[in-house]
Amino acid sequence: MLGSELRNYQFPVGSTTTYCPGNTSQIPPKLCHKKSISSIVSSLGICVLVVGYTVLGALTFMALEGKANLQPDTKSTEHDTLRSQTVEKLWSITEDLNILYKDNWTRLAEQEVLKFQNLLVDRHKLLGNGQRNYNWSFSSAFLYSLTLITTIGYGSITPRTAWGRLITIAYALIGIPLMLVYLSTVGDTLAQHFRQFYYKLSQSKNGKTKSKLNKNESSALQSKAPLENHITKKQREMGFENPPRKRVPIFLTILIVIIYIIGGAFIFNKLENWTFIEGSYFCFTSLGTIGFGELIPGAASGTNGISVFVSSAFILIGMAIVAMCFNLIQDETVIIAKRMSLWWHKTGKLEEEEMSITVKTS
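Residues numbered from 1 in each chain as written. Predicted model: local features only at pLDDT ≥ 70, side-chain atom pairs only at ≥ 80, totals over all residues. Heavy atoms only, no water.

Trainee: Explanation requested: the packing of helix H10 (residues 250–272) against helix H11 (residues 276–287) in the structure shown.
Mentor: Angle between the axes and distance between the axes are the two parameters that describe a pair of packed helices. The N-to-C vectors of H10 and H11 enclose an angle of 125 degrees; their axes lie 8 Å apart at closest approach. Our classification of the angle between H10 and H11 gives oblique. Read as a crossing pair, H10 and H11 show a hand that is right-handed. Between H10 and H11, the residues in contact are Tyr260, Ile261, Ile262, Gly264, Ala265, Phe266 and Phe268 and Phe276, Gly279, Ser280, Phe282, Cys283, Phe284 and Leu287, respectively. Here the contact of H10 with H11 is composed, by residue class, of eleven nonpolar, three polar and no charged. (Axes fitted to C-alpha atoms, helices over the stretch in contact; angles between N-to-C directions. Helix = DSSP H or I, 4+ residues; strand = E, 2+ residues; numbered from the N terminus. Parallel < 35°, antiparallel > 145°, perpendicular 65-115°, else oblique. Left-handed = near helix turned anticlockwise from the far one by under 90°. Contact = heavy atoms within 4.5 Å. Nonpolar A, V, L, I, M, F, W, Y, C, P; charged D, E, K, R; others polar.)

Dropping the structure here:
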């Protein structure tokens, strides 16, 4: 009884697209196909817009930050001078000791090495992390632009110029809302078509059982009123259909995300020589927009550009798949909440009826 009241739940919660196989408004198939095509076209358009905006950001940051990398690196020269001075001091210690005793030479050498370490650490602190030089190639700038608008922020590459930081703020202010539109539009479209695919797949599997049930219920269908049969015939002639909406289980949507993360782990195992756990960890933190930054694509020699572009495509497609799964899970949780509320109200009514019966009998 409780399931029959929610069997005609038709509208996808939180979705802006039209779901045709279970729409109670009885949309004609032609109009349904037109809306489906329009949703696909709009999703492709927003994808092209996001990719184009990321390419524009990559070219902009290359132009701004590439010049800063052309400045000579003073840190390496200072390190070389400190190293050479330490070697000279060690040689002077060896010359001063006419008779080499292991304990004396080791003690003096340890003091000089300790001084070299302290000076090196102090110079590194004075130079600061903001003075690090990065290779602002197109691939690294593309990944930086993508991590800005997706709010991942690995931190492996950052702008060091004032103009680069100002452009980063302006770029993120426009790019983050654009990414939200991308996730909403593409996620709804993927959820709509996945429901249709799952509905057709379940219909093909249950075809045999339904044929048997139709034979058993043929007598019951013949006993219906002629007016109802006339209405259904008219609806079929006009091209209206109203099949029941097929729900997607929550475990299936979670399984899709897990399979996608496992596939990404195998891909980065080939490109970056990461272990399976490291690849899964990177994929999860990237799709979850956590982005710790200790694992960065492009570190392996010879696969810098390829790995960065593969990771960028993995992030864009994966975030759309996650948005689709959130859409499907949201629908299921709303249906479950409605069922729980109906069950709660029914139990309350039954208790009230039992109380009224006991009062009357007393």
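Having seen the structure, we can now continue with the description.
Trainee: Please clarify how H11 should be interpreted in this entry.
Mentor: Side chains of residues three or four places apart in an α-helix project in the same direction, reflecting 3.6 residues per turn. Helix length check: H11, at twelve residues, gives a terminal C-alpha distance of 16 Å against a target of 16 Å (1.5 Å per residue), a fit within 8%. Every buried residue of H11 is listed here: Gly279, Ser280, Phe282, Cys283, Thr285, Ser286 and Leu287. Thr289 occupies a position one or two residues after H11 and carries a positive phi of about 55 degrees. (Expected span 1.5 Å × (residues − 1). Buried < 20%, exposed > 50% of the residue type's maximum accessible area, 1.4 Å probe, protein only.)

Trainee: Teacher, can you tell me more about the pattern of salt bridges here?
Mentor: Oppositely charged side chains can form a pair if their charged atoms are brought close together. Applying the stated criterion to the full structure yields two salt bridges. With its nearest N and O atoms 2.1 Å apart, the salt bridge here joins Asp331 to Arg195. With Asp331 in helix H12 (residues 304–361) and Arg195 in helix H6 (residues 162–205), this residue pair connects regions lying 136 residues apart in the sequence. You'll find Asp331 and Arg195 in the same group, each marked buried. (Salt bridge = Lys/Arg side-chain N within 4 Å of Asp/Glu carboxyl O.)

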